[in-house]
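# Structural description and commentary
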Amino acid sequence: MTAPRLLGYGDPAHLAAHQFLVEEAALLDAGDYAGWLGLLCEDIRYLMPVRVTTARGTGFDSLADMAHFDEDMYALRKRVQRLATDHAWAEDPPSRTRHLVTNIRTFSGGPGELRVESALLLFRSRGDTRAADLLSAGRTDLLRETSDGLRLARREITVDESVLRTQNLAVFL
Amino acid sequence: MLDLAAVVSDVRRGMVPAHVYGDPEIFAAERDRLFTRSWVFLAHESEIPDPGDYVVRRVIADSFIVARDESGAVKVMFNMCLHRGMQVCRAEMGNASHFRCPYHAWTYRNDGQLVGLPFHAEAYGGDDGFPRQGQSLLPAPSLGIHNGLIFISLDPDAPPLRDYLGDFAFYLDFYTRQSPSGVELRGPQRWRIKANWKIGAENFAGDSYHTPHTHASVVEIGLFREPKASKRKEGALYVAGPGAGTTYKLPPGGGFADQLRYVGYPDEMIAGMAESWSAGQRALVADSGFMVSAATLFPNLSLVHNWPQIDASGTVVPFISLRQWQPVSERETEVLSWFAVDTAAPEEFKRNSYRAYLMCFGSSGMFEQDDVENWVSITDMATGSMARRLNLNSRMGLTSAGRPIKPTLAGFAGPGVAYQGFGEFNQRHWLCQWSDHIEREPAIPAAADMGGPR
């Protein structure tokens, strides 16, 4: 197995990965969660570990056994179904979100796979007068080539706060 | 100046002045009168299993290092250097034999003892200027451990923790002693919500009434086997010692093992519960037919137990969470939410139970999301002047004359007082304890000289 290789920013595979992430962000910001589920592989793992403050040299800065999200397709479908009910107060009225995706780096993966790193700044505004929330995170994705195009097989979200400053994660990153 | 006696008087008759959920003067009273005295949860022993392991936790603004020292004992120390007051440990967890202050390198062993003081002879003239022997980081005034749960009180004269827990210890075992091996905690997830800390504590203590509506969505998507409203309406509420909680009614006719199988526990865990629980605890499940759900131990530790379906084929798996409503201000609370599981549980159960937890509670949990939306909204409303004109009715379950509208539940195997169905008995119990603290004078501790002149 060869080590992952950073692709050039003009590489067609990088451009395809970039387009995938921007289109995905557009679906999330539009609240099209059913459309978003369509971008996920059936065997998706969607993981957002809890970050912790540790001394330099400790060897870890996230918890190995506790996450904010650690989801399979069943759990993600339930979350999306819930948001579509008339009783999901957490997002009704909905937040206004903006998924700002940048610093995208694409690495060659296994056959038919790309590893893509990106930086995400999620702006979330709820109600008319409340201060908005910001969530900053890095993401490492595994994108898989399918007959329908690229699909997300794995996402690990490295959130940049130990204590989240948002009232819940009723939104996806 | 707020008339605290009037507030307490209203609260005691079940009419809660709405501003208590967003009032800086009330918050100051809670800080000075309640959190200076009450036992407060900090951590669980399983979070610091090995010598040198530590976590850093707070009681309002006070930071404490909770460490296991080299002898294996749990030590809780105020995280402030004796010299200039620097935070000695700025990580939130780790393993260390010593804590060295970054400012002037005063160094403390992980049991708090001061062992390093640079230039002791040159700077202080040795022990005459500063007696180094026997100095240690300020210990928590009172420390108590029960089922591995580490509590402190800022009151050196606090009653022993076990005395404080009283009859609530019976219920605590359902969450934290499912086998003789005890429980392990993972996490916590931490996040800050713009809500007053009391709302979550009251909700978990006894608000079975909110479940059918606030959590309608999780029923609609089929996350649970039972229609939620009926499951709740037939459940029992209990008040015991400093705690109170809710239960679900189990299907009729099952014995101890069958009821626990229904909730999703594997037989090897049921054997652990049979061994670990008293006859009364077993009878609550087997004979009374109730299974614990949400609960709050006054003031701000809550517990929850539920059993969703974790896959498309309908596999039911229970989970336990402990959570703390850590006050930040009258308008903000830091939530610390742990996943808890029996240490002796099979690995597959632990994995599945963890997934069940993540779907339901914690920062992303589908129950928690809707709860917090409500609590933030209440807090928003409580901060204005109109909230001072409204006393919220917290008298559910009482007649106008103050008598319960229904008899206590006969045959309930647990200690304390229980009622079946809806009622705000538990929230009033919590609020009365709150009132007991608020009407006392502020605790004004004496300050100790640290190595001062003799």
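Residues numbered from 1 in each chain as written. Chains lettered and ligands numbered in written order. Predicted model: local features only at pLDDT ≥ 70, side-chain atom pairs only at ≥ 80, totals over all residues.

### Points about helix α6 (residues 197-206) of chain B
Heads up, the condition is: Any residue with 12 or fewer other C-beta atoms within 10 Å of its own C-beta is exposed, any with 20 or more is buried, and the rest are partly exposed; the C-beta atoms used are placed from the backbone. Think of it this way: any DSSP run of H or I at least four residues long counts as a helix, any run of E at least two long counts as a strand, and we number them from the N terminus.
Burial analysis of α6 of chain B places ten of its ten residues in the buried class, which makes it a mostly covered element. Along α6 of chain B, the residues that are buried comprise Trp197, Lys198, Ile199, Gly200, Ala201, Glu202, Asn203, Phe204, Ala205 and Gly206 of chain B.

### Description of the interface of chain A and chain B
Operational definition: It is the C-beta atoms, placed from the backbone, that decide contacts: two residues are in contact if theirs lie within 7 Å.
Residue-level contacts link 31 residues of chain A with 35 residues of chain B. Among the secondary structure elements, those contributing two or more residues to the side of chain A that touches chain B are β2 (62-71) and α3 (73-83) of chain A.

### Description of the packing of helix α1 (residues 4-12) of chain B against helix α15 (residues 425-438) of chain B
Residues and elements named next belong to chain B. Counted only if it meets this: In this description, a line fitted to the C-alpha atoms serves as the axis of each element, helices being fitted only across the stretch in contact, and the angle between N-to-C directions of two axes falls anywhere from 0 to 180 degrees. An angle below 35 degrees is treated as roughly parallel, one above 145 as roughly antiparallel, one from 65 to 115 as roughly perpendicular, and anything else as oblique. Note on convention: the crossing is left-handed when the near helix lies turned anticlockwise from the far helix by less than a right angle, right-handed when the turn is clockwise. Classification convention: Asp, Glu, Lys, Arg as charged; Ala, Val, Leu, Ile, Met, Phe, Trp, Tyr, Cys, Pro as nonpolar; all other residues, Gly among them, as polar.
Where α1 meets α15, the axes come as close as 9 Å, and the angle between the chain directions of the two elements is 160°. Overall, the two elements α1 and α15 adopt an arrangement that is roughly antiparallel. α1 and α15 meet at a crossing whose hand is left-handed. For the pair α1 and α15, contact is made by Leu4, Val8, Val11 and Arg12 and by Leu431, Cys432, Ser435 and Ile438, respectively. Considered class by class, the residues forming the contact of α1 with α15 number six nonpolar, one polar and one charged.

### Some remarks on the domain arrangement of chain B
The figure often quoted for interface size is the accessible area lost as the parts come together. All names here are of chain B. For clarity, the cut-off: Annotation comment: domain bounds sourced from an automatic or database domain assignment.
What the domain assignment reports for chain B is domain 1 (40-145) and domain 2 (162-438). Between the C-alpha centres of domain 1 and domain 2 the distance comes to 35 Å. In this complex, domain 1 contributes seven residues to the contact, which on the side of domain 2 involves nine residues. Considering each element in turn, the side of domain 1 that touches domain 2 owes the most residues, three residues, to strand β2 (residues 40-44). Considering only residue class, the side of domain 1 that touches domain 2 consists of three nonpolar, two polar and two charged.

### Observations regarding helix α13 (residues 347-360) of chain B
Keep this limit in mind: Here, expected helix span is obtained from the residue count minus one, scaled by 1.5 Å.
The first and last C-alpha atoms of α13 of chain B sit 20 Å apart over 14 residues, in line with the 20 Å expected at 1.5 Å per residue. Burial in α13 of chain B covers these residues: Asn352, Ser353, Tyr354, Arg355, Ala356, Tyr357, Leu358, Met359 and Cys360 of chain B. Tucked inside the fold, the buried residues of α13 of chain B contact β2 and α3 of chain A together with β16 (301-306), β17 (319-329), β18 (332-342) and α14 (366-382) of chain B. After α13 of chain B finishes, the residue Gly362 of chain B shows a positive phi value of roughly 90°.

### Points about the sheet that holds strand β4 (residues 62-68) of chain B
Strand pairing in a sheet relies on backbone hydrogen bonds, with the paired strands running either antiparallel or parallel. Residue and element names in this part refer to chain B. What counts, and what does not: Following DSSP output, two strands are said to pair if at least two bridges run between them.
A sheet is described by the order of its strands in space; here four strands give the open sequence β5-β4-β3-β6, paired in antiparallel fashion. With one partner strand each, in any of the chains shown, β5 (74-78) and β6 (93-95) form the two edges of the open sheet. Across the sheet, the axes of successive neighbouring strands diverge by a mean angle of 25°, strand direction being ignored. Where strand β3 (residues 53-59) lies against β4, six bridges are found, and the strand directions are antiparallel. Note that in β4 the partner of Arg57 across the bridge is Phe64.

### Some remarks on the environment of Asp258 of chain B
Residue and element names in this part refer to chain B. Inspection of the secondary structure puts Asp258 in helix α10 (residues 256-263). Asp258 gets classed as partly exposed once you count the C-beta atoms within 10 Å, which come to 15. Sequence separation between Asp258 and Ile270 is twelve residues, and the spatial gap between their C-alpha atoms is 9.4 Å.

### Quick word on the sheet that holds strand β4 (residues 113-125) of chain A
Residue and element names in this part refer to chain A. Taking strand neighbours across the sheet as the criterion, the six strands line up as β2-β1-β6-β5-β4-β3 in an open arrangement whose pairing is mixed. With partners counted over all chains shown, the strands left at the sheet margins are β2 and β3 (96-108), one partner each. Here the average twist between neighbouring strands, direction ignored, is 25°. One ladder, built from five bridges, connects strand β1 (residues 40-51) with β2; its direction is antiparallel. Each bridged residue has a counterpart across the sheet, and for Met48 the counterpart in β2 is Phe69. Along the sheet, α3 makes contact with β1 and β2, crossing β1 at roughly 85°.

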